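The residues making up each chain are set out below.
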Amino acid sequence: MAASIFEEFQKIAHLFPEKPAVFFEEDRKFSFLTFREFLEQTILLGNRLVSKGIRQGDMIAILIENQPEWPLSFMAAQYIGAIAVPLDVKLPKDDIMNLLVHCGAKTLLCTEKTFETGGGNDLENVISTEIVSIKQTGEAKPEDKTYPPENQSAAMFYTSGTTDNPKGVLLSHKNFLANINAIKQIHITNPQDVFISILPLHHTYSFTVTCLLPLLEGASISYPASINPDDFLRCMRETKTTMLAGVPQLFALLHHGINNKLKKIPFAGKFFINCMLGIFLFLRKTTGINLAGFMLSDAHKKFGPKLRFMISGGARLDPGLADDLYKWGFTILEGYGLTETAPILAFNPVRKIKSGSVGKPLPGIKIKIDNPDENGIGEIIAQGDNIMLGYYNREEDTRRAINKGWFFTGDLGYIDHDGYIYITGRKDELIILDNGKKINPEELEHQYGMSPYVKEVCVFASPVKESSGVTRKLTAIVIPDEDYFRSREIVNIEDKIKWELDNISHRLPGSKRIQGFLIGKNKLPRTPLGKIMRHKIDAEYPIVTSEKMRTAASEDEILLSNETNKKIIEYLSNRLKKTVYLDDHIELDLGLDSLGRVELFLDVQQLLNLDASDILPLELFYVNTIRELFLKIMPFYTHGAGHSDEREIKWPGILKQKPSPTTLNSIILKPTIIDMLINFFFYTGFNILFHSFIRVKVKGKENIPAKGPYLIYPNHTSYLDGFLIAGSLPFKKVLTIYFLVFRGYISVPVIKTLARIGRLIPVNITMDIMELLKACSFL
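K.L.:
Hey, could you run me through the sheet that holds strand 10 (residues 220–223) in this one?
P.N.:
Spatial ordering of the open sheet is given by 2-1-10-9-11-12-13-14-15, a layout of nine strands whose pairing is mixed. Either end of the sheet is taken by a strand with one partner, and the two such strands are strand 2 (29–34) and strand 15 (360–361). By the bridge criterion, two bridges tie strand 14 (residues 344–347) to strand 15 in an arrangement that is antiparallel. Each bridged residue has a counterpart across the sheet, and for Phe347 the counterpart in strand 15 is Lys360. Packed onto the sheet, helix 2 (residues 35–51) meets strand 1 (20–26) and strand 2 and runs at close to 70° relative to strand 2.

K.L.:
Hey, could you run me through the pattern of salt bridges in this one?
P.N.:
Pairing between side chains of opposite charge can happen when their charged atoms approach one another. Evaluated as defined, the whole model comprises 28 salt bridges. The residue Lys106 makes a salt bridge to Asp58 at a minimum N-O spacing of 3.3 Å. Taken together, the residues span a long stretch of sequence, with Lys106 in the loop between helix 4 (93–103) and strand 5 (107–110) and Asp58 in the loop between helix 2 and strand 3 (59–63) at a distance of 48 residues. Accessibility expressed as a relative area gives 46% for Lys106, which makes it partly exposed. According to the relative accessible area criterion, Asp58 is buried, its value standing at 13%. Measuring nitrogen to oxygen at the nearest pair gives 3.8 Å for the salt bridge that ties Arg400 to Glu396. Residue Arg400 and its partner Glu396 are located together in helix 15 (residues 395–401), separated by four residues, close to a single helical turn. Each member of the salt-bridge network shares a partner with another, and the members are Glu25, Arg28, Asp231, Arg234 and Glu238.

K.L.:
Honestly, the packing of helix 3 (residues 69–79) against helix 8 (residues 204–217) in this entry has me stumped. Any pointers?
P.N.:
To describe two helices that pack against each other, one gives the angle between their axes and the distance between the axes. Where helix 3 meets helix 8, the closest approach of the two axes is 11 Å, and the angle between their N-to-C directions is 65°. It follows from the interaxial angle that helix 3 and helix 8 lie roughly perpendicular. Considering how the two elements wind past one another, helix 3 and helix 8 form a crossing that is right-handed. When helix 3 is examined against helix 8, the residues Trp70, Pro71, Phe74 and Met75 are found in contact with a partner set consisting of Phe207, Cys211, Leu212 and Leu215. When grouped by side-chain class, the residues that make up the contact of helix 3 with helix 8 number eight nonpolar, no polar and no charged.

K.L.:
I'm lost on the environment of His446 in this one. Help?
P.N.:
Mapped onto the elements, His446 comes out in helix 16 (residues 441–448). Counting along the chain gives twelve residues from His446 to Cys458, while the straight-line C-alpha distance between them is 9.6 Å.

K.L.:
I would appreciate a short explanation of empty space enclosed by the protein in the present structure.
P.N.:
Empty pockets left among the atoms are what a rolling probe the size of a water molecule brings to light. Inspection of every chain in the model, using the stated rule, returns two cavities of 30 Å³ or more. Considering only enclosed or pocket space, the second largest cavity measures out at about 40 Å³ in volume. Looking at the second largest cavity, the residues that line it are Ile183, Ile188, Thr189, Phe195, Val209, Leu213, Met243, Ile311 and Phe347. Classifying every residue of the lining of the second largest cavity by side-chain character gives eight nonpolar, one polar and no charged.

K.L.:
Just checking my understanding: could you explain the environment of Gly384 for this structure?
P.N.:
By the element assignment, Gly384 lies in the loop between strand 17 (378–383) and strand 18 (390–391). Since its relative accessible area comes to 24%, Gly384 is described here as partly exposed. Residues Gly384 and Ala178, spaced 206 residues apart in sequence, show a C-alpha to C-alpha distance of 8.5 Å.

K.L.:
Help me understand unusual backbone geometry in this model?
P.N.:
A negative phi holds for most residues other than glycine; trans holds for most peptide bonds. The omega torsion across Ala342 and Pro343 is -15°, close enough to zero to call that bond cis. Phi is positive for Arg695, which is not a glycine, with a value near 60°. Relative to the helices and strands, Arg695 is located in the loop between helix 26 (673–693) and helix 27 (721–726). Note on Arg695: relative accessible area 66%, which makes it exposed.

K.L.:
Is there a simple way to explain the nonpolar core in this structure?
P.N.:
A general tendency of soluble globular proteins is for nonpolar side chains to be buried together. Ranked by internal contacts, the top residues of the largest apolar core, which has 85 residues, are Phe9, Phe38, Phe74, Met75, Phe176 and Leu212. Take this core: its biggest share by element is eight residues, from helix 8. Counting residues in each nonpolar core, the second largest holds 27 residues, with Ile196, Leu254, Met310 and Ile332 among its members.

K.L.:
What should I look at first to understand the environment of Asp230 in this one?
P.N.:
Here Asp230 is to be found in helix 9 (residues 229–238). Spatially, the C-alpha atoms of Asp230 and Lys302 are 9.5 Å apart, while their sequence positions differ by 72 residues.

K.L.:
Help me understand the packing of aromatic side chains in this model?
P.N.:
Describing an aromatic ring pair means giving the distance of the ring centres and the angle of the ring planes. Taken as a whole and judged by the stated rule, the model has 22 aromatic pairs. Here Phe682 and Phe686 contribute two aromatic rings whose centre-to-centre distance is 6.4 Å and whose plane-to-plane angle is 35°, an arrangement assigned as tilted. Residue Phe682 and its partner Phe686 are located together in helix 26, separated by four residues, close to a single helical turn. With a relative accessible area of 37%, Phe682 lands in the partly exposed category. The rings of Phe6, Phe9, Phe35, Phe38, Tyr79 and Tyr147 are connected pair by pair, giving a single aromatic cluster. Sitting over the face of the ring of Tyr326, Arg284 holds its NZ or CZ atom 3.9 Å from the ring centroid. Over the face of the ring belonging to Trp406 we find Lys368, whose NZ or CZ atom lies 4.4 Å from the ring centre.

Analysis parameters
Residues numbered from 1 in each chain as written. Predicted model: local features only at pLDDT ≥ 70, side-chain atom pairs only at ≥ 80, totals over all residues. Heavy atoms only, no water. Pairing = 2+ DSSP bridges. Helix = DSSP H or I, 4+ residues; strand = E, 2+ residues; numbered from the N terminus. Contact = heavy atoms within 4.5 Å. Axes fitted to C-alpha atoms, helices over the stretch in contact; angles between N-to-C directions. Salt bridge = Lys/Arg side-chain N within 4 Å of Asp/Glu carboxyl O. Buried < 20%, exposed > 50% of the residue type's maximum accessible area, 1.4 Å probe, protein only. Parallel < 35°, antiparallel > 145°, perpendicular 65-115°, else oblique. Left-handed = near helix turned anticlockwise from the far one by under 90°. Nonpolar A, V, L, I, M, F, W, Y, C, P; charged D, E, K, R; others polar. 1 Å grid on protein atoms, 1.4 Å probe; cavity = no way out; pocket = protein on both sides within 12 Å on 5 of 7 lines; lining within 4 Å. Points joined across faces, edges and corners; volume = space filled by probe spheres on them. Core = buried A, V, L, I, M, F, W, Y, C linked by side-chain atoms within 4.5 Å. Phe/Tyr/Trp six-rings, centres within 6.5 Å; stacked < 30°, edge-to-face > 60°. Lys NZ or Arg CZ within 6 Å of the ring centre and 35° of its normal.

See below:
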């Protein structure tokens, strides 16, 4: 290999002059630049920078989205021996300014779009800017120059900053070329490959894999119009993409989509498909023949006809997810690296993938475990030509990171007997409890995040005041998946989350169980590659203070200018003894459960002088915020609304109303002989099961009234509550007891019939609470 990146690229461009280097979309069609054309554009831009006084060793910042202008800017910097400094286009403009000042860049390369979003005129007051285009004209005459030595910095990438502020990592030509050469040696890629670029290029993982590697391999890069799934999937199909590099979140979405479609297949078809996929999996593992793609052809066709590999990096890939994708015919390779290692240290071999492992060290790289514990887990350290020069202007940090040629990654892990590396967590993210127990938060976040009701979760140690002093206890911030709650028709979010977390906790050792949780409404702060930025999270993250400030958008002004809305907010604020805002969540901020919602909506009905039946059918249980409530009920406003002084909810009148015909149809008031025989059969079975095998003990039967209505209220310790009660009471009593059951459990026709005979009343306690109360009153 050549000594500098540009020299190596020039060799490739001369070797494949007419081969497409970059694909890009214009007017809904894909065009391309050949390697010859791309080299010419590089020289034109580089000469322009030289004419403006940029010299070898100067820093050039790049603020460009994923498009051909990005690799053009990077390679132009290499052509003149400058140091490229990629920046995140999504950063606030103040952060961009700070990084520009920190690195001392001489110029900023951007497009018209990023010039505007990055601050426009404010940018020009700090640094000279250059608008980059792949349509430059002129004579691309290379100047005579001495290319930089291999140990000179080629680029400076800023770290993600998950536990600290970002640091500038200086990487040399030698670092990058050593990493590219190592990747080539494991024969994952070839010049016929087409890489799609969807990950932000200011990260070394996406830059190396989807930009530098293809340009130095003679492969092609395709740039979709956007990262919208429709756009990038169409780009993959039309440019015949072979390599898709992504982060675990991307592959989780793919897995979710395929899994949902498989779930919708009827039982017989699903059974057949699963059997065949099992056979195909065995065949693939033993012979390498992959037939699953033919069975799941619809899923595979979305990615185009040529996709060979998916590459996962940036964060931990769920082993179960990887196993499923492999079974479904996809080949997903997980690797491992850091910004400081340019970046790849390890990769899974194509023919010997180990799920859960990040693979084996690349050729030329040494990896070992420093100070391992009794389980072989310790800090991962690495040695090789890809290790960074150091942190920019942070000599002490550099000395701590590199000791005697070994780079201390800060990652914890172990190496198995086959040489495969497993990551178990970050050293600086370990939670050390008061009893000395060390907890890996990522492990617990994975466990608790398995609940479909949990969208995101972050585990941390929260200080708690006790009589003995302040102790640190495991706490979680939980972001609920409100779409999933809505699909399941559940509104008691906090109760359901507690139930889910408690059930998961029972499967974990005592020291790893969270002892409290907070529910948040906003997304957790993450890096573009999906890692939680823990230094931005504290115990008060999801707590909304009563004095929170709101920016009044035009919609807010319209809603708040309405007199009826004003009265409703004033009334709710007085009733709840707190200031109510438009974006307050009805449960998470106002603390109203399903029954509280009913009372809230009946209060609103009283204020509007409307009958309850006019309001409740509006699916008000689906609304989450006061804003949504207003948008739902405003069409029902009348001129007289808001003037009723009556506040009392007339429950007796409501409960005298008959339940719906559907509910009435599910109620048998006088069982037939056949009904009683069927009941006796099940009753006997429950008695044998519970009293002979489980040895249930029953106390207090004498407290059940001989006559009149009464309620039996189980405490929901298990799904067997109703069955336990049915098997524990005298048979005559059982025939007079009606059981409320979640509607979703008895949707099958045969079970519906048995449910009616067994006096199971199908309801949804959260969505049909009025119907439930009417049914109980009727019975």
